[in-house]
Amino acid sequence: MSSWRTFVIGALAIVATSVVGGILTSVHVVLPPMVAALAVLIGAALAVDYFGLQRRHVGWHGRVRPSAASRSRLRALERQLRRERQAGSFRAPTTARTLLVALAEHDELRHAGEVVDFLAADAATRAHRDVVADALRVLALAELGRLAEARVVDDQLGPRAGAIPVVALARARLAELAHQPAAALAHVERGLGGRARRGEPAQRDLALLRARLLVRLGRRDDARHELAAIAAAAGGRDAVEGLLGGDAGVAMVAREALGLATVYR
């Protein structure tokens, strides 16, 4: 349930109760406690993360090229989360979501077990949907080999969320690890949605996964052209070079694509 729905439902319940009370007694008797109750509701909405009028969503913009500064920030977030959990701080869930995003950006979701378990408990109690955090939980659980748990979280996202890039990435990776490359490719295509594949890092991540899946499906020419287009775009060459040390088939296509990429420069 969204924060606005939580607030509106609570306010309507208070007003309805006050109207009935006013009819049975007097408006002058009911009005002061109604105003006080609404003030308390608004105060809670503004003060508490679970019931914030505007959910403090943490965005996902794709993987980044690690640097000394970004890794220092990642380690600082880990220390901050430990301190906030020990203190029982209301900020701990927000810090945990930020840390999960940072781990995903640095491709370190293999070390996200503790964060994922903490956010699972948070998700069971919060009144809001946080699609980005839940999708990254799916991705992290998949990378940790906890596929059954990942599917449970994925089911909670619903079918309509499949067009969101981070959800498409998580579902495609989950299908890939389940040895279902065709299903994974379908998720990637939905996430790309016909958008340019050379732009934002999140789209580039989907395009890289698409290329890997095309290789596994025997469509090497399509994969090579996909990777060549990525490498020709700004910041894309490093991403394609990152495939050279992985799967042998994908690495070979990546080498060919890097040769093709010089034509576009």
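Here the structure is a predicted model, which is why all the values come from computation and not from measurement. (Residues numbered from 1 in each chain as written. Predicted model: local features only at pLDDT ≥ 70, side-chain atom pairs only at ≥ 80, totals over all residues. Heavy atoms only, no water.)

Enquirer: Honestly, the nonpolar core in this entry has me stumped. Any pointers?
Expert: Soluble globular proteins tend to bury their nonpolar side chains together. One finds Trp-60, Leu-100, Leu-109, Val-115, Leu-136, Leu-227 and Val-240 to be the most contacted residues of the largest nonpolar core, which totals 64 residues. Among residues more than four places away in sequence, those in contact with Leu-136 are Trp-60, Leu-100, Val-101, Ala-104 and Val-166. (Core = buried A, V, L, I, M, F, W, Y, C linked by side-chain atoms within 4.5 Å. Buried < 20%, exposed > 50% of the residue type's maximum accessible area, 1.4 Å probe, protein only. Contact = heavy atoms within 4.5 Å.)

Enquirer: Would you take a moment to explain unusual backbone geometry for this structure?
Expert: Among all residues except glycine, the phi angle is most often negative; among peptide bonds, the trans geometry is most common. The backbone of Asp-107 sits at a positive phi, close to 55 degrees, despite the residue not being glycine. One can find Asp-107 in the loop between helix H4 (92-105) and helix H5 (113-125). A relative accessible area of 41% places Asp-107 in the partly exposed class. With a phi close to 60 degrees, His-179 is a non-glycine residue in the positive phi region. As for its position among the elements, His-179 is in the loop between helix H8 (165-177) and helix H9 (181-192). (Helix = DSSP H or I, 4+ residues; strand = E, 2+ residues; numbered from the N terminus.)

Enquirer: Honestly, the pattern of salt bridges in this entry has me stumped. Any pointers?
Expert: For side chains bearing opposite charge, pairing can occur when the charged atoms are close. A full pass over the atoms with the stated rule returns 22 salt bridges. The closest approach of N and O atoms between Arg-75 and Glu-108, which form a salt bridge, is 3.3 Å. Remark: Glu-108 occurs in the loop between H4 and H5 and Arg-75 occurs in helix H3 (residues 68-87); sequence separation between them is 33 residues. The class for Glu-108 is buried, based on a relative accessible area of 11%. Three or more residues joined by partner-sharing salt bridges are found here, namely Glu-143, Arg-173, Glu-176, Arg-212 and Arg-216. (Salt bridge = Lys/Arg side-chain N within 4 Å of Asp/Glu carboxyl O.)

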